[in-house]
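Residue-level listing of the chains:
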Amino acid sequence: MTQIVTRFPPSPTGYLHIGGARTALFNYLYARQNGGKFILRIEDTDQARSTQEMTDAIIDAMHWLGLDFDEGPFFQSERGDIYNSYVDKLLETGGAYYCSCTPEEVEEMREMARANGLKPKYNGKCREMGLGPGPGRVVRFKTPLTGKVVFDDIIKGPIAWDVQEMDDFVIRRADGSAIYQMAVVVDDAEMGVTHVIRGDDHQNNTPKQILIYQALGFPLPKFGHVPMILGPDKKKMSKRHGATSVMMYKDMGYLPEAMLSYLVRLGWSHGDDELFTRDELLEKFSLEGLGKSASVFDMDKLNWTNSHFIKTGDVPRLAGLLGEIVRSTTQFDPAPEYLEAIVPLYQPRAKTLKEMAEQAAFFLHDAETLPYDGAAVAKFLTPEIREHLAVMASRMEALPAFDHKSLEDMAAAYLEETGLKFKALAQPIRVAITGTTMSPGLFETMEVLGRERTLARFRKALTL
RNA sequence: GUCCCCAUCGUCUAGUGGCCUAGGACGGCGGCCUCUCACGCCGCUAACAGGGGUUCAAACCCCCUUGGGGACGCCA
């Protein structure tokens, strides 16, 4: 059995978007679990719109997601001679011909066809003219006049196309460069690609490409067309739906493993399983689980998925990631150990690392810069309560150990003495040490803050 | 316009002729837990687009309609 080879061929005209990432993921998983190869190929034959910057950005995003490729990146822009040698071959064997029609003329033909209620096509005017090369002349593929192209799509099943739906499409521009259809086929064939798993939008290209494969005598790969990802309004995902670029999710505080787990479930399923680690994916992924219909990108579920991976994530790693966000969005540069103490407090609370950074902001301020919620101060730090807080502060100062257990015992003892309910004191203490009415558990929070910070805040609060 | 593809709760989906008075998950709603906010736990909500067939039996098979998407470039 031959080795399975898949590929991901983005064109560097934009960032790696959600849909592309999912397609890449499917290809990556399929190759990996079959001991095959996963190739990255940059489709930059459109020089005008392709940039190095986008190429780098796409590779960065794939790296972030951990979609490592075995070969590449290959650049189509560097392979023009190869494509042309095959165009020449087609020219020699009569599989293609020169055409001298101008774009305007072709457009007229299309208009004409449209006017007659037909599919807009080139009418084959130069097909039998035996033209040679010349300025302004393109090379067109000689599409068979009759017959059907049939292929068995991996995910959609048998698909048949009447060749009459296709015209003699251009395979080489007047400037001598090969066109996409030609480049992909030559590349996929030369690179030994066995499974072409790509977006739905390429489904209509497949018959044309199969024709080229056949004309060139290349063995046919298997094709699989994955449905697209829609925005909440069920329209094609686009800028107006917010974040479409994968790296935007990184910036918003999503974990790559969460993106992977969420993305794979969009259009693929494995029974009732919802969450997958990379290893589980490598074990359980299968082409059979792929669905046929388009799916809507759902932020709520992504958030849920992300919060799961935050809950179960490795603390030092999460702390490192949190630190990056803190440093890039605030003036703080907290010590790694401090962040590692903070993270567990927020693992069950934060949906994203960004959110974690925001909620944990009070840990990073010192007592002087800590913002206090005026309304909360007025409501909870009453004169009577302040007296209790002052007493507690002095007891905390004397505590042998400043951990949550000791703090809780101290508080319990104080409540016992005074006959107060914990509820009466909890929010006031919270406001005193965090400036707000929401935070992780009080004693855990104080332990992480440490004695110095905690006491400084008590003192500060009593002056407000 | 022509061609291609698709169609189960609001969303992601399970389901491949009887196990389905349709299962899970997200969300939403209600409750429990509770020092706040979360987490967690329990419960509820909600779908086979419509119409014809085929069959003893249809969410599953066939046809039509409707709806959605895609493609018809010297873009990829």
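Just so it is clear, the model here is predicted, and its values are computed rather than measured.

A word on the pairing of strand E7 (residues 157–162). The pairing of strand E6 (residues 148–153) with E7 spans 6 bridges and is classified as antiparallel. Within E7, the position partnered with Lys148 by the bridge is Asp162. With antiparallel pairing between neighbouring strands as the criterion, E6 and E7 make up a hairpin whose turn holds 3 residues.

Turning our attention to unusual backbone geometry. Only a minority of non-glycine residues have a phi that is not negative, and only a minority of peptide bonds are not trans. Positive phi is not limited to glycine here, since Lys234 has a value of about 65°. Secondary-structure assignment places Lys234 in the loop between strand E11 (229–230) and helix H7 (246–251). The exposure class assigned to Lys234 is exposed, which follows from its relative accessible area of 61%.

Quick look at the environment of Gln164 now. One can find Gln164 in the loop between E7 and strand E8 (170–172). Taking the C-alpha atoms as reference points, Gln164 and Gln47, separated by 117 residues in sequence, lie 32 Å from one another. If we ignore the near neighbours within four places in the chain, the residues touching Gln164 are Lys121, Leu145 and Thr146. Here the side chain of Gln164 touches Leu145 through a polar contact of 3.4 Å, landing on its backbone oxygen.

Attention now moves to the nonpolar core. Counting residues in each nonpolar core, the largest one holds 56 residues, and the members touching the most others are Phe363, Met396, Ile429 and Met446. Ranked by residues supplied to this core, first place goes to helix H19 (residues 442–463) with 8 residues. Sequence-distant contacts of Met446, that is, excluding residues within four places in its chain, are made with Met396, Phe402, Leu407, Ile429, Ile433, Thr454 and Phe458. Formed by 45 residues, the second largest nonpolar core is a distinct cluster that contains Ala24, Val246, Tyr254 and Phe285.

Our focus in this paragraph is the protein's contact with RNA strand B. Neighbouring RNA strand B are 62 residues, the closest being Arg173, Lys234, Gly267, Arg349 and Ser439. When the atoms of RNA strand B within 4 Å of the protein are sorted by group, sugar and phosphate make up 72%. With respect to RNA strand B, the backbone of Ser439 contributes an N or O atom lying 2.4 Å from a base nitrogen. For the surface near RNA strand B, the elements supplying multiple residues, two or more each, are helix H4 (103–115), E7, helix H5 (180–190), strand E12 (295–296), helix H10 (299–311) and helix H18 (422–434). Here the element with the most residues in the surface near RNA strand B is H18; it accounts for 5 residues. Grouping the constituent residues of the surface near RNA strand B by class yields 22 nonpolar, 17 polar and 23 charged.

What counts, and where the lines are drawn
Residues numbered from 1 in each chain as written. Chains lettered and ligands numbered in written order. Predicted model: local features only at pLDDT ≥ 70, side-chain atom pairs only at ≥ 80, totals over all residues. Heavy atoms only, no water. Pairing = 2+ DSSP bridges. Helix = DSSP H or I, 4+ residues; strand = E, 2+ residues; numbered from the N terminus. Buried < 20%, exposed > 50% of the residue type's maximum accessible area, 1.4 Å probe, protein only. Contact = heavy atoms within 4.5 Å. Polar contact = N/O pair within 3.5 Å; in protein donor to acceptor, adjacent residues only side chain to side chain. Core = buried A, V, L, I, M, F, W, Y, C linked by side-chain atoms within 4.5 Å. Near = heavy atom within 4 Å. Nonpolar A, V, L, I, M, F, W, Y, C, P; charged D, E, K, R; others polar.

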